[in-house]
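# Structural features, examined
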Amino acid sequence: MKCPGTDPRFLKVEVKKCSKCGYEVEIFTDEIRVKCPRCKSYVYREIPSCIDWCRYAKECIGEKKWKELKEK
Ligand SMILES: [Zn+2]
């Protein structure tokens, strides 16, 4: 079970600004966080909204990642 939010075929790169130094960091849509290459702090991506409500989210993204997201 895959939904468009997490299907690798729809994988995209987003650009997020580091909250500490303003550096523009590239982050893939299946990643939760990336390390800023400039200041080494973590840049977080918003959780895809379907993970919050989709009852297949756990199977869809895998239990490990699902737990990571829920623990945030
Ligand atoms: Zn930074």
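See the structure above.
Treat the numbers as computed from the prediction; the structure is a model and nothing was measured.

## A word on the pairing of strand β1 (residues 13–17)
Note that β1 and strand β2 (residues 24–28) share 5 bridges and pair antiparallel. Considered in β2, the bridge of E14 is made with I27.

## Observations concerning the coordination of the zinc ion
Within the protein, C18 (SG), C21 (SG), C36 (SG) and C39 (SG) serve as the donor atoms for the zinc ion, at 2.2 to 2.3 Å. Relative to the metal, the 4 donor atoms surrounding the zinc ion lie at angles of 103 to 115 degrees, and the coordination shape comes out tetrahedral. Spacing between the donor residues of the zinc ion along their common chain follows C-x2-C-x14-C-x2-C. Of this pair, C21 sits in the loop between β1 and β2 while C39 is found in the loop between β3 (33–35) and β4 (42–44), placing the two residues 18 residues apart along the sequence. For C21, a relative accessible area of 28% translates into the label partly exposed. Exposure remark for C39: the relative accessible area of 31% places this residue in the partly exposed category.

## Some details on the packing of aromatic side chains
Enumeration over the complete set of coordinates arrives at 0 aromatic pairs. Taking NZ or CZ as reference, R33 lies 4.0 Å from the ring centre of Y42, over its face.

## Looking at the nonpolar core
Core analysis: the biggest nonpolar cluster contains 8 residues, these being I32, C50, I51, C54, A57, C60, I61 and L69. When contributions to this core are tallied by element, the ones reaching two or more residues are α1 (49–53) and α2 (57–61).

## Quick word on a nonpolar patch on the surface
Residues L11, V13 and F28 make up a contiguous nonpolar surface patch of about 230 Å² in total accessible area. Structurally, V13 is set in strand β1.

Calculation criteria
Residues numbered from 1 in each chain as written. Predicted model: local features only at pLDDT ≥ 70, side-chain atom pairs only at ≥ 80, totals over all residues. Heavy atoms only, no water. Pairing = 2+ DSSP bridges. Helix = DSSP H or I, 4+ residues; strand = E, 2+ residues; numbered from the N terminus. Donors = N, O, S within 2.8 Å, 3.2 Å for Na, K, Ca; no water. Tetrahedral: all angles 85-135°; square planar, octahedral: opposite > 155°, others 65-115°. Buried < 20%, exposed > 50% of the residue type's maximum accessible area, 1.4 Å probe, protein only. Phe/Tyr/Trp six-rings, centres within 6.5 Å; stacked < 30°, edge-to-face > 60°. Lys NZ or Arg CZ within 6 Å of the ring centre and 35° of its normal. Core = buried A, V, L, I, M, F, W, Y, C linked by side-chain atoms within 4.5 Å. Patch = residues over 30% accessible without salt bridge, like charges linked within 9 Å, V, L, I, M, F, W, Y side chains within 5 Å. Areas by Shrake-Rupley, 256 points an atom, 1.4 Å probe, with all protein chains shown as cover. Salt bridge = Lys/Arg side-chain N within 4 Å of Asp/Glu carboxyl O.

The quantities given are spatial measurements derived from coordinates; they are silent on function.
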